[in-house]
Amino acid sequence: MRIKKLLERNALIITILITISVVVISIVPTDSIQVSVKTKGTDKIAHVLMYFILTFFWLLTFNLSFKKRNFNTLLLITIAIFGMFIEILQETITESREFDWYDGLANTLGVLIAFVFFNILHRKFGTREI
């Protein structure tokens, strides 16, 4: 119960921190990131996961804090565009990163999976219980 109250009171702050984290992780030069496991597709899984978390928390924030379920579609479109904007920024403001359509698609897939998952939880538990 304490975690639920903490989340409800701080949902917007937590979500903004997650958003900032996604931007920083996406813009930091790749030569400063140490990756020990290099498996084909790992990068795309990371994109899906990051945008799943980002979208899920924005949906949760809007539904718990603002009670605005009718903004979900606009929110999804905004986050998908945000993901493509980050890809463009990688190409234009970094030297070690580049624009990748597949990364943009992975970002969008994460957005869509989060939307489906959130709606399943919402139908099962209702807005106040997620």
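Chemist: Explanation requested: the overall build of the protein in the structure shown.
Modeler: Along the backbone of the protein there are 4 helices and 0 strands. Helices and strands in the protein line up, N terminus first, as α-α-α-α. Here the protein, with 130 residues, has 36% of them falling under the buried criterion. A sequence separation of at least 24 residues applies to 77% of the contacts in the protein between residues at least 6 apart. Accessible area for the protein stands at about 8,500 Å²; split by element, carbon and sulfur atoms hold 70% of it.

Chemist: I would appreciate a short explanation of the packing of helix 3 (residues 72–93) against helix 4 (residues 101–125) in the present structure.
Modeler: The axes of two packed helices give the description: the angle between them and the distance between them. Following both chains from N to C, one finds helix 3 and helix 4 inclined at 160 degrees, their axes separated by 9 Å at the closest point. The orientation of helix 3 with respect to helix 4, classified from their angle, is roughly antiparallel. Between helix 3 and helix 4 lies a crossing whose hand is right-handed. Where helix 3 approaches helix 4, its residues Asn72, Leu76, Ile79, Ala80, Gly83, Met84 and Glu87 are matched on the opposing element by Trp101, Asp103, Gly104, Asn107, Thr108, Val111 and Phe115. The residue inventory of the contact of helix 3 with helix 4, partitioned by class, reads 7 nonpolar, 5 polar and 2 charged.

Chemist: Honestly, the nonpolar core in this entry has me stumped. Any pointers?
Modeler: When a protein is soluble and globular, its nonpolar side chains tend to lie buried together. If you look at the biggest cluster of nonpolar residues, it comprises 21 residues, and the most contacted ones within it are Tyr51, Leu54, Phe56 and Ile79. Sorting the residues of this core by element identifies helix 1 (2–27), helix 2 (42–66), helix 3 and helix 4 as the ones contributing at least two each. Ranked by residues supplied to this core, first place goes to helix 2 with 8 residues.

Chemist: Honestly, the environment of phenylalanine 85 in this entry has me stumped. Any pointers?
Modeler: Counting through the fold element by element, phenylalanine 85 comes out in helix 3. When its relative accessible area of 46% is taken as the criterion, phenylalanine 85 is described as partly exposed. In sequence terms phenylalanine 85 and phenylalanine 99 are 14 residues apart; their C-alpha atoms lie 9.6 Å from each other.

Chemist: Mind showing me how you'd approach the packing of aromatic side chains here?
Modeler: For any pair of aromatic rings, the description rests on two quantities: the centre-to-centre distance and the angle between the ring planes. The full count for this structure, using the stated rule, is 8 aromatic pairs. When the centroid spacing of 6.3 Å and the interplanar angle of 80 degrees are considered together, the rings of phenylalanine 56 and phenylalanine 57 count as edge-to-face. Judged by centre distance (6.1 Å) and plane angle (45 degrees), the ring pair of tryptophan 58 and phenylalanine 62 falls under tilted. Taken together, the residues tryptophan 58 and phenylalanine 62, both in helix 2 and 4 residues apart, mark about one turn of the helix.

Chemist: What should I look at first to understand the pattern of salt bridges in this one?
Modeler: Oppositely charged side chains can pair when the atoms bearing their charge come close. A full pass over the atoms with the stated rule returns 3 salt bridges. Note that lysine 44 and aspartate 103 form a salt bridge whose closest N and O atoms lie 2.6 Å from each other. Here lysine 44, found in helix 2, pairs with aspartate 103, found in helix 4; they are 59 residues apart in sequence, far enough to count as distant. When its relative accessible area of 6% is taken as the criterion, aspartate 103 is described as buried. Via salt bridges that share partners, Asp43, Lys44, Asp100 and Asp103 belong to a single interconnected network.

Chemist: Any chance you could explain the environment of aspartate 43 here in plain terms?
Modeler: Note on placement: aspartate 43 falls in helix 2. Within the local environment of aspartate 43, its side chain forms a polar contact with the side chain of lysine 44, the two groups lying 2.9 Å apart.

The rules we used
Residues numbered from 1 in each chain as written. Predicted model: local features only at pLDDT ≥ 70, side-chain atom pairs only at ≥ 80, totals over all residues. Heavy atoms only, no water. Helix = DSSP H or I, 4+ residues; strand = E, 2+ residues; numbered from the N terminus. Buried < 20%, exposed > 50% of the residue type's maximum accessible area, 1.4 Å probe, protein only. Contact = heavy atoms within 4.5 Å. Areas by Shrake-Rupley, 256 points an atom, 1.4 Å probe, with all protein chains shown as cover. Axes fitted to C-alpha atoms, helices over the stretch in contact; angles between N-to-C directions. Parallel < 35°, antiparallel > 145°, perpendicular 65-115°, else oblique. Left-handed = near helix turned anticlockwise from the far one by under 90°. Nonpolar A, V, L, I, M, F, W, Y, C, P; charged D, E, K, R; others polar. Core = buried A, V, L, I, M, F, W, Y, C linked by side-chain atoms within 4.5 Å. Phe/Tyr/Trp six-rings, centres within 6.5 Å; stacked < 30°, edge-to-face > 60°. Salt bridge = Lys/Arg side-chain N within 4 Å of Asp/Glu carboxyl O. Polar contact = N/O pair within 3.5 Å; in protein donor to acceptor, adjacent residues only side chain to side chain.

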